[in-house]
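Spelled out, the chains give:
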Amino acid sequence: MKWLILFIIADLVLWPLALIWVLNSPGALSTSVLIILTFVAIFGITGSALRGLWNPLAKAFPAMEPSPDAVRKSFQSFSYGIVNLGLSIHVAVDEHALHMTPIRFLRWFGAKPASIPWDSMDTDVKSPRKVRVNGQVLHGPKWCLELAAPSSD
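Just so it is clear, the model here is predicted, and its values are computed rather than measured. (Residues numbered from 1 in each chain as written. Predicted model: local features only at pLDDT ≥ 70, side-chain atom pairs only at ≥ 80, totals over all residues. Heavy atoms only, no water.)

Further remarks concern the confidence of the model for the protein chain. Residues at a pLDDT of 70 or more form 96% of the protein chain, whose mean pLDDT is 90. Least confident of the elements in the protein chain is helix α1 (residues 2-24), whose mean pLDDT is 86; most confident is strand β4 (residues 114-117), at 97. (pLDDT = per-residue confidence, 0-100. Helix = DSSP H or I, 4+ residues; strand = E, 2+ residues; numbered from the N terminus.)

Looking now at the sheet that holds strand β5 (residues 130-133). The antiparallel open sheet is built from 6 strands, whose spatial order is β4-β3-β2-β1-β6-β5. Only two strands of the sheet have a single partner each, and these edge strands are β4 and β5. Across this sheet, the average inter-strand angle for adjacent strands is 35°, counted without regard to direction. Pairing geometry for strand β3 (residues 97-102) and β4, over 4 bridges, is antiparallel. Its bridge partner being in β4, His99 is matched across the sheet by Ser115. Sitting on the sheet, helix α2 (residues 28-60) is in contact with β1 (71-80), β2 (83-93), β3, β4 and β5, with an inclination near 25° to β2. (Pairing = 2+ DSSP bridges. Axes fitted to C-alpha atoms, helices over the stretch in contact; angles between N-to-C directions. Contact = heavy atoms within 4.5 Å.)

Time to look at a nonpolar patch on the surface. A contiguous nonpolar surface patch, about 540 Å² in accessible area, is contributed by Ile5, Ile9, Val13, Leu14, Leu17 and Ile20. Relative to the helices and strands, Val13 resides in helix α1. (Patch = residues over 30% accessible without salt bridge, like charges linked within 9 Å, V, L, I, M, F, W, Y side chains within 5 Å. Areas by Shrake-Rupley, 256 points an atom, 1.4 Å probe, with all protein chains shown as cover. Salt bridge = Lys/Arg side-chain N within 4 Å of Asp/Glu carboxyl O.)

Let's shift gears to the pairing of β2. Both β1 and β2 contribute to a ladder of 7 bridges, which runs antiparallel. From the neighbouring strand, Tyr80 faces β2, where its bridge partner is Val83. Direction of pairing for β2 relative to β3: antiparallel, over a ladder of 5 bridges. Looking across to β3, one finds that Val91 is bridged to Met100. Count of turn residues in the β2/β3 antiparallel hairpin: 3 residues.

Listed below in structure tokens is the structure:
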């Protein structure tokens, strides 16, 4: 986590300096440096956020192979804590767990798949689209999260 803080501090210093350079002496080199620093910052922060905020879920609940009869849907929207992964999760649901695999683009940034057993979900969140896992709210599609606490009807 220390390297993340150093990375953000370096970006907070280097990016404004590159911007000042572009404004004072516009040219191909200065503009290219600003564009490169911008992309490095965006991808660095994205990767760091996924590793620091999403991957603890994957570490606590390592991915397992879903059963062959699992219901599967691609490009589903989930959020975990402050991480919002809209249309970015492939889901498989079986009798044992909710299996979530981030799309390939997010896996390039280090996001790992997770399999959360149904009995590890706290359903006292008062919404069929939300459960609590490891103290954080997991918000997702009703079709799969309602299986954590099936209704009595």
